[in-house]
Each structure stands twice: as C-alpha cells, then as structure tokens.
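Summary of the model geometry
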Amino acid sequence: MAEAVPVRCPACLRENGYTAPVFPCACGSPVNPPLDLSAPPLLLTHRTWSDSWVTVRCTACGRESEWPHPEVGCGSCGTVVRLPVHPPEAGAGLRSTAGPGSTADPAAADPAVAGGTGAGRAAAPPDPRGEAAGGMAAEGPTRPGPDPAHTPLSRPAAVPRPAFRPVTIRTARDAVATAALYLRWLGFQDVRQPDGRPIPSAAVDLRAPGLVAQVDPTTAPAGLRAVECVWLNGLTASATSVYFSLAGYTADARSRADDLGIPLFVMDLTGMPQPVNDPADALVGWGA
C-alpha cells in the first residue's frame, strides 16, 4: 500500500494527508500512480474527460493502462486539487521476476501485452449537465437557521464496518451508483432513486428511510442553492440530508452547509467519497 503524503491546499494552505490509490493490473500486480511531489498540486476548477485520466505503467509486466488521475479534496475549505504524476519513462524495461536462466526482454514481449490498455477508460459520455448551470443563488435578506431536529448530535460509537470498496467512476450513472453504495456502507437501508418523474436538475436524488441525499455528477462546484435545497428536502421529510459532488463546493455553499449541519462529500474518479466538513466526518464516524 502506498504511503500517505502531505498535500498543501493552494486556497487555504492547509496540509491534507493523501494516499495514492492502488489499482489491479490485468496481470494481477498492484499499480499505483507515481506522484510527482516536486510539482505543486493543480487547482481543479473544471473537469475534462481526457484530463481526468493518467497513463500508468505496471512495473511487473510493463503494461500501460489509463487510470483516474489522483485528486484530493481539502478537508478545510473543500477545494479540489489534482496531483501531478510522473509520466511513464520511455524504454523502461520489465521487472524480472523469473528464476535463473530465464529472460525478460520488453522487445520480445507479446505486443498485445506491451501495448495493451488494461482496464482503460471507456468512451467519454455526454455531459449530463448540458449547458453550464446559470450562477449561484444570491444571499437572501433572511435565512432559516439549522433545525435542531436535523442537526447531527452526539451519538454512541458505531459498530465497526469493513473497509468501503470503491468503484471507478466513468459516467454520471457511476457517480450515483457509488454514492448509493457508500450510503449503504454507512448503514442506510433501501437506498434508491425515488419513483416518479424527476425534477429537471443537475443533481440526482437518492432516498432511504430517514435519508435525503443528492448527487451532483457535473463538472462545476455545487453552489449555495443546491445545499439549501437538499436541506429543505430533508426538513420536509424529517430526514438526514447529505450531498455528494464530483467537483467540490463553492465557499458559500460550504459555509452554509456547516451552519445547517449538512454532511458534504466530494468524490474523485477512483470512487472513494471523502468528507469535507465536520458533519460529514461525524456521519462517517457514527454511521446511520
């Protein structure tokens, strides 16, 4: 398993611990992107399909495959950054694992193996958002305060859970499925999309007994209006409100979520949701 490395947020300068994900090569060996720690992290303000993937060479068989580009969300301000990765070295040979008398020549390797794409990316999906969303809601003259009945309170420690197994996100549907799996892992039962015709929106609703969640699979940070909408939906249903985003959150959305006690999670393309505020940390610690 790769070691955790400190990553300094370019927005608030907080250092966040990050461990590079490990992917399974087609040959069965673990593969993890070689982080370039000498280069500064890049602020992620807009996602493109091509930039979301990085080529990584397996050190065991030499196969080059495309995997999700390492990203990390700041635990303080919610900013999402992309970590630079060393490109595969030209002409790098295979690591010999055979005993005496055997050879491992990359030039003699099967071309299908040497040039394979492994579990490469799928074709780029159409943007589920269509045109970019129109701006964020303006700050109103008065705003409702957090309802104590819907603000996370102190609870006893949850029963230990097995480690969450992420699923690589390649499409908007994958993002919704990953959020549903994560909510089930937290302990919510019967997580599903509500019946009926969905309201036109960039975010996708997920419901469960005692839960109202929204998943934003678009490439723009979730704004203030989105956070307040999920809070109002949870208030109406007397349920916990949770929000998942692929591109992080605006500063005012993050601040409002803290005021209302809304757990916010950011997902990268490896499929591992990360809490970005205290209510989310508490939800992960306590469970449903």
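Below or above, wherever it landed, is the structure these notes cover. What you see is a predicted model, and the numbers here were worked out from it, not measured in a lab.

**Quick look at the overall build of the protein chain**
A tally of helices and strands in the protein chain yields 5 helices and 14 strands. A burial count over the protein chain gives 39% of its 288 residues as buried. Put simply, 59% of the contacts in the protein chain that link residues at least 6 apart link residues at least 24 apart.

**Some points on the pattern of salt bridges**
For the structure on display, the rule yields 7 salt bridges. Its salt-bridge partner being R8, residue E15 comes within 3.1 Å of it at the nearest N-O pair. Given the relative accessible area of 47%, E15 is considered partly exposed. On the basis of relative accessible area, R8 is assigned to the partly exposed category, the value being 44%.

**Comments concerning helix α4 (residues 251-260)**
Side chains three or four residues apart in an α-helix point the same way, a direct result of the helix having 3.6 residues per turn. Along α4, the positions that sit buried rather than exposed are A253, R254, R256, A257 and L260. One side of α4 holds all its buried residues, which, seen down the axis, span an arc of 165 degrees. Buried residues along α4 sit against α3 (224-237) and β13 (264-267). Two residues or fewer after α4 comes G261, characterised by a positive phi angle close to 75 degrees.

**Describing the packing of aromatic side chains**
Each aromatic ring pair is described using two quantities: the centre-to-centre distance and the angle formed by the ring planes. Per the stated rule, a full pass over the model turns up 8 aromatic pairs. The interplanar angle of 35 degrees and the centroid separation of 5.2 Å between the aromatic rings of Y182 and W185 together place this pair among those described as tilted. Here Y182 pairs with W185, and both are found in helix α2 (residues 172-186), just 3 residues apart, close to one helical turn. Among the aromatic residues, those joined into a ring-pair cluster are F164, Y182, W185, F244 and F265.

**A word on helix α5 (residues 278-286)**
By the burial criterion, the buried members of α5 are P279, A280, A282 and L283. All buried residues of α5 lie within an arc of 160 degrees about the axis, which places them on one face of the element. The secondary structure elements touched by the buried residues of α5 are α2, β12 (240-245), α4, β13 and β14 (273-275). G287 lies just past α5 and shows a positive phi near 80 degrees.

**A look at the pairing of strand β11 (residues 211-216)**
Most of β11 sits inside the fold, with 6 of its 6 residues counted as buried. The alternating pattern of β11 places L211, A213 and V215 on one face and V212, Q214 and D216 on the opposite face, and all of these are buried. Here strand β10 (residues 204-208) pairs with β11 via 5 bridges, running antiparallel. Note on β11: the bridge partner recorded for L206 is A213. Counted between consecutive antiparallel strands, the loop separating β10 from β11 contains 2 residues, among which G210 sits at a positive phi close to 80 degrees. For the crossover that starts at β11, traverses α3 and ends in the parallel β12, the hand is right-handed.

**Here we look at the side chain of T178**
Structurally, T178 can be placed in helix α2. Setting aside its immediate chain neighbours within four residues, T178 contacts F164, V167, I169, M267, G271 and P273.

**Regarding the side chain of E228**
You can see E228 is positioned in helix α3. Here E228 falls in the buried class, since its relative accessible area comes to 17%. A distance of 3.2 Å separates a polar atom in the side chain of E228 from a polar atom in the side chain of R256.

**Looking at the sheet that holds β14**
Sheet strands pair by backbone hydrogen bonding; their relative direction is either parallel or antiparallel. Taking strand neighbours across the sheet as the criterion, the 5 strands line up as β10-β11-β12-β13-β14 in an open arrangement whose pairing is mixed. Strand pairing shows two members of the sheet lacking a second neighbour, β10 and β14, which therefore form its edges. With direction set aside, neighbouring strand axes in the sheet form an average angle of 25 degrees. Bridge count between β13 and β14: 3 bridges; the pairing is antiparallel. By the bridge assignment, M267 is partnered in β14 with P273.

Definitions and cut-offs
Residues numbered from 1 in each chain as written. Predicted model: local features only at pLDDT ≥ 70, side-chain atom pairs only at ≥ 80, totals over all residues. Heavy atoms only, no water. Helix = DSSP H or I, 4+ residues; strand = E, 2+ residues; numbered from the N terminus. Buried < 20%, exposed > 50% of the residue type's maximum accessible area, 1.4 Å probe, protein only. Contact = heavy atoms within 4.5 Å. Salt bridge = Lys/Arg side-chain N within 4 Å of Asp/Glu carboxyl O. Arc of directions from axis to C-beta. Phe/Tyr/Trp six-rings, centres within 6.5 Å; stacked < 30°, edge-to-face > 60°. Pairing = 2+ DSSP bridges. Right-handed = clockwise from strand over helix to strand, strands pointing away. Polar contact = N/O pair within 3.5 Å; in protein donor to acceptor, adjacent residues only side chain to side chain. Axes fitted to C-alpha atoms, helices over the stretch in contact; angles between N-to-C directions.

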